[in-house]
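Chain by chain, the residues run as shown.
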Amino acid sequence: MVIPSSLKNGLRLFYVLKISAAGFKCTANRGLILQSVSSDVYQNLAVEDWIHDNMNLENRQVLFLWRNSPTVVIGRHQNPWQECNLKIMRKKNIKLARRRSGGGTVYHDLGNINFTFFTPKKKYERMENLKLVVKALKGLRPQLDVHATDRYDLLLDGNFKISGTAAKLGRTVAYHHCTLLCSADRFLLSSVLKSPYKGIKSNATPSMPALVKNLFEEDPTLTYEMVMDAVAAEYARCHQIDHHITLINPADETVFPGINNKTKELQTWEWIYGKTPKFSITTCFNMVYEQSLLEVKVDIHVKHGRIEVCNIDLPEQWLPPAMCNELEKNLIGSKFCPSETTALASALLRICPQNYELHSKWSLLCENVMTLM
Amino acid sequence: MSIFDKSAFKFNHQHRLFRTSAISNGQIVQFKLSDIGEGITEVTVKEWYVKEGDSVSQFDSICEVQSDKASVTITSRYDGIIRKLHYNLDEIAFVGKPLVDIETDALKDVASEEDVVETPAVSHEEHTHQEIKGHKTLATPAVRRLAMENNIKLSEVVGTGKDNRILKEDILNYLAKQTGAILPPSPKPEIIPPLPKSETAPAAPKDKGTKIPIPISKPIVFAGKDKTEAVTGFHKAMVKTMTAALKIPHFGYCDEIDLTQLVQLREELKPLAQVRGVKLSFMPFFIKAASLGLMHYPILNASVDENCQNITYKASHNIGVAMDTEQGLIVPNVKNVQVCSVFEIAFELNRLLTLGSAGQLGTNDLTGGTFTLSNIGTIGGTYAKPVILPPEVAIGALGKIQVLPRFNGNGEVFKAQIMNVSWSADHRIIDGATMARFSNLWKSYLESPASMLLDLK
C-alpha cells in the first residue's frame, strides 16, 4: 500500500502504525523512533500503554523518547507513603504517577530523559538496550566513564547512578524503560524521595536509595538534545532503519484511538493510590494541648488505599470515648488521604455537642492524624 | 491435508487432545507459569485479578507477577472457571510449575505459546462448526485462523453470512471497532481479504483528516449492570449531617434583588482589586452585606443546643461559602466578617478557593461557621430550597444573575440585573417576620451599595 505524500502527518503516522509487516518498503516496517511533544507524565505513560496494547510488534521494534515536568514516578507494586515525601510534593505541586512496570521510585523533571524500548516478548533483552545507550554516550564523549551494572543501573564514574530501569511484559509485547539524568534538580530529587512517614509495615517493593549525579555535572557541554539524538542514531544504526525521529502528540485521538481514556485512568486516585499493596501504620506521636503533652498511639491498616482498620489510643478521658469511636468508625472505608479526612472530620463536628473545648481537641487530633497521610 | 469422513472429523475436532465427557464437567487443567525470558526461574506474585470460582476467557488477565524490576501480566490460555490458585500474594512462583487450575470444556480454544492454528486435518471440511458457550458458530478455517491470529473470540463476532456464518469482513469490522484497526490482517495470501470500502476511503486526498466511518452490523444490546457500593468516608459523614439537618423545622423565604448598581460598582472596582492581586467576584459584597444585616438580627447568627433549650448568640460572623470540589460539597468559612473590609473578604475567599480546588483546606477553615451562603447560581438555577447546616440556624442560596426587563420609578422599562435569593431558617427560634426584615435589609444594601458605606464599621 503506497502512502500518498499529500496526507497530513498525523494520518500518515496512523497508517505507518497500522501497516503490516509484509509488503511495505519504508523502514518504519522494521523500527520506529517516536518522541513525545508533551511533558505530562500521564499522557506519556498512556502512550506506552497504547503501544503495548495496540501495536503489532511482530517484526518491528519501537524506541520512545520522552521527558516530564516535575513528577515522582513509583513502580507498579510500590507504596507512595513509603517511597516519597507526599507533603513536600503537595506543597510544590509535584505530581505523583504510578507506572505499569515494576521496579523502584524515580524523580523526573525536564532535565531527565526517558527511553522506552518496545520489542516482541521473545526479543526482550534489557542489557542490550543499556549497552546501546552506553555506546551512544561514549560515542558523544569517549572519555565518559559510564557502564551498566548487573542490576540494570547505569553508573557514572563507578559510583553515581545516572539511570534506573524497569520493565513490563504482556502476552506478546514487552517494554523496557530507563531514565537518564542529564540536568535534573538533584537536591529536590533527594528531598522528595525521602519518606517522612514512620511505622509503615508493607510488602510493597522497596526502592534502593543511591547516590546520583547528572551528566551535565560531568560535562556541561552535554545537553539533553544531544543525548536523545545520539541514542536515536545508535538505535537507528542497530536496527538498520532511518535515523528519523517522529514527533507524536499523546493527546491526538486520530493517531492513538482510545488514548485519552488511558490517560484518564492513570490519573485516577484508584490507580495512583488505590493500587498500593495492603499496608499498616503503627506509630505514636505527641500532641501539645494547653501546656500538657499527650501521647497518642495509632494503628491504621490500609487496603486499596482505603482505611480498613483504625485504632486511635488517647490518654484516658481526654476526649469522650464516644467521640473517638465516632472518628474511628467513620474513617473506616474512607480514603487514606488528608483532604478526605479533613472534610469528613469537619462534617462530623457539626453533629457533635457544641463545646469549644471539645471542638479544639477534636481538630487538634484530626490535624495530627492527617500528618500520617 | 488428509481426508477424513464427516463423522470422524467431528469427533476428532471436538476431542483434539483430550477425552472430554458429555457436557458440564470439564477437565481440570493445570495452567503452568510460562517462560518469562532472560533466564528467569522465579517471580513474586503481586496481585491476583481472579479468585477461585471466577470464570475467565482466553487472554483475560489472571495475575501480575514481578521479577527483578519487571512486572509481568499473566493471561489465561483457556476459557473456563478458576478452581485453584496455587500461590498467595507475595509468595514466590516458579516458572514451569502450576500457577492456577482451570476447569475448562473441550480444549478447542487453547492458545499455545506460539498461537499455533488448527491442524490441517480439520480444514478439509469447508464449514467447521464450533460449540462456543453453547452456540454453534459457522466459520471457514481461514476465518477461524484470522480470528485466532488477531486474538478474537468467534463467539463475540456477529456473522453476516448465510446461516449467520462469520465471514472475513465480519472479523475485520469487529477488529476495526475494537482498536481502530491497529492490528493488521495476517500477511498470508489466502487470508488477506479485500479491505472493506470504508477503510480505503481515507487514502484518497479528498477525505484528508476525516474519521473513518465503520459500519456496525451488530444489534444494539445494552450490557449495563447495576452497581452497588458502600457509602464511606466523607459521604458517610454527609449522610449523618444531613439527617441531623432535616430534624430542624425549615421554613423558606425568597426574594428578588436588583443588582444593576452593584454590577456597575464591581466593574469599577475589579481592576483595583486586580492590581492588588485579588480576583473580585460578587460574593465579597454578599458576604459583607449579610454581616451588616446580622448585626441588626443577631438571632440569625445563633446556635441552639440539642433539645432547643438554650440559644447561643455567636459574636463572630464566620460566614460559610459552599464550594463544589472533588470530594463533594464542602463549606469553608471566612472568619470574623464583622471586622473585615470587602477587599479583605475577597482576599480570604481567593485563598479558600485555591486551597479548596487543590484539596488542601485545613480543619480550621472548615469548622466554626455561623451562617452560610450558597452561590448555586454559578452552576445555574434561580430559586432553591437550601438545607441548614447544623449547628447554624439559617442559610441563603443565591441564584444566577439574569438580565430581565423591569419598570423603573417613571414607569419605563429598563434592563435590570436580577438575582433571586432563597433563605431557609430554623422555625423553632426564627419567625417569618425576622427573616423578611433581615432579607430586606440585605437587599437594600445590595441594591444601593452606597448605603453600605453609611453602616460600614
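In this text, all values refer to a predicted model and were calculated from it rather than measured experimentally.

Along the backbone of chain A there are 13 helices and 16 strands. The 373 residues of chain A split such that 59% are buried. Partitioning the intrachain contacts of chain A with sequence separation of at least 6 by distance along the chain shows that 72% fall at a separation of at least 24. Summing over all exposed atoms, chain A offers an accessible surface of approximately 15,400 Å²; the carbon and sulfur share of this is 53%.

Of regular secondary structure, chain B possesses eleven helices and 21 strands. Per-residue burial over chain B gives 43% buried out of 457 residues. The contacts in chain B between residues at least 6 apart in sequence include a share of 61% that link residues at least 24 apart. As displayed, chain B offers around 24,000 Å² of accessible surface, 55% of which is attributable to carbon and sulfur atoms.

Time to look at the layout of surface pockets. Space inside the second largest pocket adds up to approximately 1,700 Å³. In terms of lining, the second largest pocket is formed by 47 residues, of which the most central are Arg90(A), Trp269(A), Cys337(A), Ser339(A) and Ala358(B). Taken together, the elements giving at least two residues each to the lining of the second largest pocket come down to helix 4 (86–91), strand 4 (95–98), helix 10 (269–272), helix 12 (338–349) and helix 13 (356–370) of chain A together with helix 8 (342–357) of chain B. Ranked by residue count, the leading element in the lining of the second largest pocket is helix 4 of chain A, at five residues. For the lining of the second largest pocket, the class distribution of residues is 19 nonpolar, 16 polar and twelve charged.

In most cases, non-glycine residues show a negative phi, while peptide bonds are predominantly trans. Residues and elements named next belong to chain B. Geometrically, the link from Pro-390 to Pro-391 is a cis peptide bond, its omega value of 5° lying close to zero. The backbone phi angle of Asp-68 is positive, close to 50°, even though this residue is not glycine. Here Asp-68 lies in the loop between strand 4 (61–67) and strand 5 (70–75). Asp-68 sits in the partly exposed class, given a relative accessible area of 40%.

So, on to the sheet that holds strand 4 of chain B. Strand order in the open sheet formed by ten strands is 13(A)-1(A)-2(A)-6(A)-11(A)-10(A)-5(B)-4(B)-2(B)-7(B), and the pairing between neighbours is mixed. Of all strands in the sheet, those with a lone pairing partner are strand 13 (245–248) of chain A together with strand 7 (92–94) of chain B, marking the two edges. Neighbour to neighbour, the strand axes of the sheet diverge by 25° on average, direction disregarded. Sheet topology places strand 2 (residues 42–48) of chain B next to strand 7 of chain B; three bridges connect them, and they run antiparallel. Within the sheet, the bridge partner assigned to Thr44(B) lies in strand 7 of chain B and is Ile92(B). Sheet contacts for helix 2 (residues 41–54) of chain A: strand 1 (31–36), strand 2 (61–66), strand 6 (112–120), strand 10 (165–169), strand 11 (173–181) and strand 13 of chain A; angle to strand 2 of chain A, the most-contacted strand, approximately 175°. The sheet strands contacting helix 5 (residues 126–140) of chain A are strand 6, strand 10 and strand 11 of chain A together with strand 5 of chain B, and the helix crosses strand 11 of chain A at an angle near 35°.

What follows deals with the UniProt feature "domain: BPL/LPL catalytic" (unreviewed entry) in chain A. With numbering aligned to this structure, UniProt lists the feature "domain: BPL/LPL catalytic" (unreviewed entry) at residues 57–243 of chain A. The distance separating the terminal C-alpha atoms of residues 57–243 of chain A is 19 Å; by composition the span is 28% helix and 28% strand.

Here we come to the nonpolar core. With 133 residues, the main nonpolar core has Phe286(B), Phe371(B) and Trp442(B) as its most contacted residues. No other element matches the eight residues that helix 7 (residues 283–296) of chain B contributes to this core. Discounting chain neighbours no more than four positions away, the residues touching Phe286(B) are Leu259(B), Leu262(B), Leu373(B), Leu398(B), Met419(B), Trp442(B) and Leu446(B). Grouped together as the second largest cluster of nonpolar side chains are 31 residues, Ile33(A), Leu130(A), Val134(A) and Tyr235(A) included.

Pairing is possible between side chains that carry opposite charge, provided their charged atoms lie close to one another. Residues and elements named next belong to chain B. Overall, the coordinates contain 32 salt bridges over all chains when judged by the stated rule. A salt bridge links Arg-351 to Asp-365; the shortest N-O distance between them is 2.9 Å. With Arg-351 in helix 8 and Asp-365 in helix 9 (residues 363–366), the pair connects residues that are 14 residues apart, well separated along the chain. Using a relative accessible area of 33% as the deciding quantity, one classes Arg-351 as partly exposed. Measuring nitrogen to oxygen at the nearest pair gives 2.8 Å for the salt bridge that ties Asp-426 to Arg-428. Under the relative-accessibility criterion, Asp-426 is labelled buried at 1%.

With that settled, the discussion passes to the packing of aromatic side chains. For the coordinates displayed, the defined rule picks out 17 aromatic pairs over all chains. Relative to Trp318(A), the ring of Tyr289(A) lies with its centre 5.6 Å away and its plane at 85°, an arrangement referred to as edge-to-face. With Tyr289(A) in strand 14 (residues 279–289) and Trp318(A) in the loop between strand 16 (306–313) and helix 11 (321–331), the pair connects residues that are 29 residues apart, well separated along the chain. We note that Tyr289(A), like Trp318(A), is buried. Between Trp423(B) and Trp442(B), the aromatic rings sit 5.0 Å apart at their centres with planes inclined by 80°, giving edge-to-face as the arrangement.

As a further point, take the pairing of strand 15 (residues 292–303) of chain A. Residues and elements named next belong to chain A. Pairing between strand 14 and strand 15: eleven bridges, direction antiparallel. Counterpart to Tyr-289 in the pairing with strand 15 is Ser-292. Counting the residues that bridge the hairpin from strand 14 to strand 15 gives two residues, and of these Glu-290 lies at a positive phi of roughly 45°. Two strands pair when backbone bridges link them, and strand 15 and strand 16 are joined in this way by seven bridges, in the antiparallel orientation. Bridged to Val-298 within strand 16 is Ile-312. Counting the residues between successive antiparallel strands, the hairpin from strand 15 to strand 16 contains two residues, one of them, His-304, with a positive phi of roughly 55°.

Residues and elements named next belong to chain A. Taken in spatial order, the four strands line up as 12-14-15-16 in an open sheet, and their pairing is antiparallel. Only two strands of the sheet have a single neighbouring strand rather than two, namely strand 12 (200–202) and strand 16. When the angles between neighbouring strand axes are averaged without regard to direction, this sheet yields 15°. Relative to strand 14, helix 13 is tilted by about 140°, and along the sheet it contacts strand 14, strand 15 and strand 16.

What follows concerns the UniProt feature "domain: Lipoyl-binding" (unreviewed entry) in chain B. This chain's UniProt record puts "domain: Lipoyl-binding" (unreviewed entry) on residues 28–103 of chain B. End-to-end, the C-alpha atoms of residues 28–103 of chain B are 4 Å apart, and along that stretch the chain is 0% helix and 55% strand.

Glancing now at the environment of Leu292(B). Residues and elements named next belong to chain B. Mapped onto the fold, Leu-292 is located in helix 7. The buried category is assigned to Leu-292, whose relative accessible area is 2%. Put simply, Leu-292 and Gly-396 are 104 residues apart on the chain and 15 Å apart in space, counted from C-alpha to C-alpha. Among residues more than four places away in sequence, those in contact with Leu-292 are Tyr-445, Met-452, Asp-455 and Leu-456.

Bringing the side chain of Thr325(B) into the picture now. On the secondary structure map, Thr325(B) appears in the loop between strand 15 (323–324) and strand 16 (329–330). Here Thr325(B) falls in the buried class, since its relative accessible area comes to 15%.

What follows is about the packing of helix 11 of chain A against helix 5 (residues 233–245) of chain B. Two elements in contact, helix 11 of chain A and helix 5 of chain B, have axes separated by 8 Å at closest approach and are oriented at 130°. Taken together, the axes of helix 11 of chain A and helix 5 of chain B lie oblique to each other. Of the residues in helix 5 of chain B, those touching helix 11 of chain A at Glu326(A), Lys329(A) and Asn330(A) are Gly233(B), Lys236(B) and Lys240(B).

As a further point, take helix 8 (residues 224–239) of chain A. Residue and element names in this part refer to chain A. In a regular helix each residue adds 1.5 Å, so 16 residues correspond to 22 Å; helix 8 covers 22 Å between its end C-alpha atoms and thus fits that length. Taken together, the buried positions of helix 8 are Val-227, Met-228, Ala-230, Val-231, Ala-232, Glu-234, Tyr-235 and Ala-236. Just past helix 8, the residue Gln-240 takes up positive phi, approximately 55°.

So, how was this worked out
Residues numbered from 1 in each chain as written. Chains lettered and ligands numbered in written order. Predicted model: local features only at pLDDT ≥ 70, side-chain atom pairs only at ≥ 80, totals over all residues. Heavy atoms only, no water. Helix = DSSP H or I, 4+ residues; strand = E, 2+ residues; numbered from the N terminus. Buried < 20%, exposed > 50% of the residue type's maximum accessible area, 1.4 Å probe, protein only. Contact = heavy atoms within 4.5 Å. Areas by Shrake-Rupley, 256 points an atom, 1.4 Å probe, with all protein chains shown as cover. 1 Å grid on protein atoms, 1.4 Å probe; cavity = no way out; pocket = protein on both sides within 12 Å on 5 of 7 lines; lining within 4 Å. Points joined across faces, edges and corners; volume = space filled by probe spheres on them. Nonpolar A, V, L, I, M, F, W, Y, C, P; charged D, E, K, R; others polar. Pairing = 2+ DSSP bridges. Axes fitted to C-alpha atoms, helices over the stretch in contact; angles between N-to-C directions. UniProt positions renumbered as here; feature names shortened; annotations may be inferred. Core = buried A, V, L, I, M, F, W, Y, C linked by side-chain atoms within 4.5 Å. Salt bridge = Lys/Arg side-chain N within 4 Å of Asp/Glu carboxyl O. Phe/Tyr/Trp six-rings, centres within 6.5 Å; stacked < 30°, edge-to-face > 60°. Parallel < 35°, antiparallel > 145°, perpendicular 65-115°, else oblique. Expected span 1.5 Å × (residues − 1).

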